[in-house]
Amino acid sequence: MKNQSVKNNIDWISVFIYTALVILGWLNIYSSSLLSTEGTYQKQLIFIGCTIPLIFVVLFVDGKFYEKYASIIFGVSLLSLAGLFVFGKTIAGQRCWYAIGSFTLQPSEFAKAATSLALAKYLSDTQINLKDVNRQIQALAIVFLPVLLILPQPDPGSALIYSIFIIVLYREGLPSWYVWTGFITILLFVLTLVLEPYVVILIALAVLMIIHFKGRVVDRNIILSGIILLGISAFVFSVDYVFDNVFKQHHRDRFNILLGKSVDMKGIGYNTNQSEIAIGSGGWIGKGFLEGTQTKGGFVPEQHTDYIFTTVGEEWGFAGSFVVIALFAGLFLRVIYLAERQKTKFSRVYGYCVAAILFTHFFVNIAMVIGIFPTIGVPLPFFSYGGSGLWGFTILLFIFLKMDANKVNEW
């Protein structure tokens, strides 16, 4: 009876979009790795085949299981991340994988679903009020615990994704100053890399003065404004130290190229440069499937993984890129729509987590391949090569689709 209920009530629109993205992703992996001797597209086909029983397992499990055991799932996920420091395999300087023979598994891809479940479980407690500072700390701790384990691997791309949970928390009542503080911190960091520190501080002073005198007289607090300016000044003067001593050289190079402070078309900037060439050469309708010269020539490194969208741009052109982007946008909007119609807070929060994670991966990946964001290794959901990524995103999405299908049984 439960299986019949899932079959009748699952959101087939989301399933259709998911299937279309996976198929299109494999076609582009096939094109970008056709001349490879590593059997990349064959392996991806096996990964896709494994998602079918995986989906059935996710849908077969009772919807309440995910809520009841969310904390345990999260705990197991944290242990799997911590275990990498002892049992993990290092690939390209990153200790992010467990190796079982020739097969590797990346636990950070599954930790996103586990963290979403844990956060949804915590926020669905009737006693939770995110106006309370202690509750804010506890909610943020759930988000940043996996980050603390992922950053040292080092995997800044995966760690970056977790910042989007702030938006989910804001949706559930987190004070807006958290969002503004995060945005302003990023803006100050970038400005300090481009301008002299004292110029950035003068700009901040001018903005604070405008806000101070434009506000109501009763809201003016010169002491608070002074403390904010002092904090901004301390942060600005710390940027250079952090940039030079915390960031690795290849991260510094990528930021310098992105900000126009250096040019390196043959070294660290090669990927982005070739990516832009490939996408730009596609024109309106593309060169045709398997006809991309940049793709066939292997000019774009890691094209079947993080740079898979360059194949879309070159061979399918603007028209094909628009279709792919429209499919992703449709999936995001559909998940948000489904989240809003949930009968339980747990399902709603989890749905927003799903939409936020998928959107952030999509946005950062596309921004990366067109050269407006540093290369940090963020895959395109359902498109990029890799079993862990495909399975992680599939589990993330279909747990929510199971919850949505089960809402007919909610009171």
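The notes below deal with the structure included here. (Residues numbered from 1 in each chain as written. Predicted model: local features only at pLDDT ≥ 70, side-chain atom pairs only at ≥ 80, totals over all residues. Heavy atoms only, no water.)

Here we look at the nonpolar core
Inside soluble globular proteins, nonpolar side chains tend to come together where they are buried. Spelled out, the test is: By nonpolar core is meant a set of buried Ala, Val, Leu, Ile, Met, Phe, Trp, Tyr and Cys residues that side-chain atoms within 4.5 Å join together. A simple rule labels every residue: compare its accessible area, found with a 1.4 Å probe on the protein chains alone, to the largest value its type can have, and call it buried under 20%, exposed over 50%, or partly exposed in between. Runs of E in the DSSP output that reach at least two residues are strands. Runs of H or I that reach at least four are helices, and both are numbered from the N terminus. Contacts are residue-level and defined by heavy atoms, with any inter-residue pair within 4.5 Å sufficient.
In terms of nonpolar packing, the biggest core is built from 95 residues, with Leu 169, Tyr 350 and Phe 382 touching the most fellow members. Counting residues per element, this core draws most heavily on helix 17 (residues 345–369), which supplies 15 residues. Ignoring anything within four residues of it in the chain, the contact list for Tyr 350 reads Ala 113, Ser 116, Leu 117, Ala 120, Ile 395, Leu 396, Ile 399, Phe 400 and Met 403. Counting eight residues, the second largest nonpolar core, distinct from the first, contains Val 200, Ile 201, Leu 208 and Val 236.

Looking at the pairing of strand 2 (residues 94–100)
The condition that has to hold: DSSP-based pairing: two strands are paired if at least 2 bridges between them are found.
As judged from the three bridges shared by strand 1 (residues 89–91) and strand 2, these two strands associate in the antiparallel manner. Bridge pairing links Ile 91 to Gln 94 in strand 2. By the bridge criterion, three bridges tie strand 2 to strand 3 (residues 103–105) in an arrangement that is antiparallel. Within the sheet, the bridge partner assigned to Tyr 98 lies in strand 3 and is Leu 105.

Comments concerning a nonpolar patch on the surface
Threshold: Patches were defined on residues exceeding 30% relative accessible area and lacking a salt bridge, with like-charge contacts within 9 Å and nonpolar side-chain contacts (Val, Leu, Ile, Met, Phe, Trp, Tyr) within 5 Å. Using the Shrake-Rupley algorithm and a 1.4 Å probe, accessible areas are obtained, with residue cover drawn only from the displayed protein chains. Any Lys or Arg side-chain nitrogen located within 4 Å of an Asp or Glu carboxyl oxygen qualifies as a salt bridge.
A surface patch of nonpolar side chains, amounting to about 570 Å² of accessible area, comprises Ile 186, Val 190, Val 194, Leu 195, Ile 203, Val 207 and Ile 211. Looking at the nonpolar patch, the elements that each hand over two or more residues are helix 10 (177–194) and helix 11 (197–214). Taking relative accessible area as the criterion, Val 190 reaches 31% and is therefore assigned partly exposed.

A few points about the side chain of Thr 310
Here Thr 310 shows up in helix 16 (residues 309–340). When near neighbours in sequence (up to four residues on either side) are disregarded, Thr 310 contacts Ser 275, Ala 278, Ile 279, Val 300, Gln 303 and Val 369.

Comments concerning the pattern of salt bridges
Overall, the coordinates contain eight salt bridges when judged by the stated rule. We note a salt bridge from Glu 67 to Lys 64, for which the minimum N-O separation is 3.6 Å. With Glu 67 and Lys 64 both in helix 4 (residues 63–68), this residue pair falls three residues apart, about one helical turn. Exposure remark for Glu 67: the relative accessible area of 19% places this residue in the buried category.

Description of the side chain of Glu 172
Let me state the cut-off plainly: Each polar contact in these results corresponds to two N or O atoms within 3.5 Å; when the atoms are within protein, one needs to be able to donate a hydrogen and the other to accept it, and residues that are neighboring in sequence are counted only if both atoms are side-chain atoms.
Relative to the assigned elements, Glu 172 resides in the loop between helix 9 (165–171) and helix 10. Judged by relative accessible area, which is 13%, Glu 172 ranks as buried. Side-chain polar atoms of Glu 172 contact the side chain of Arg 348, separated by 2.7 Å. In this structure Glu 172 touches Leu 123, Leu 130, Lys 345, Arg 348 and Val 349, once residues within four positions along its chain are discounted.

Observations regarding the environment of Gln 342
Mapped onto the secondary structure, Gln 342 falls in the loop between helix 16 and helix 17. Residue Gln 342 is classed as buried on the basis of its relative accessible area, which comes to 10%. Along the sequence, Gln 342 and Ile 201 sit 141 residues apart, while their C-alpha atoms lie 46 Å from each other. Ignoring any residue separated from it by four or fewer positions in sequence, one finds Gln 342 in contact with Ser 347, Arg 348, Phe 400, Met 403, Asp 404 and Lys 407. A polar contact of 2.8 Å, which involves the side chain of Gln 342, links it to the side chain of Asp 404.

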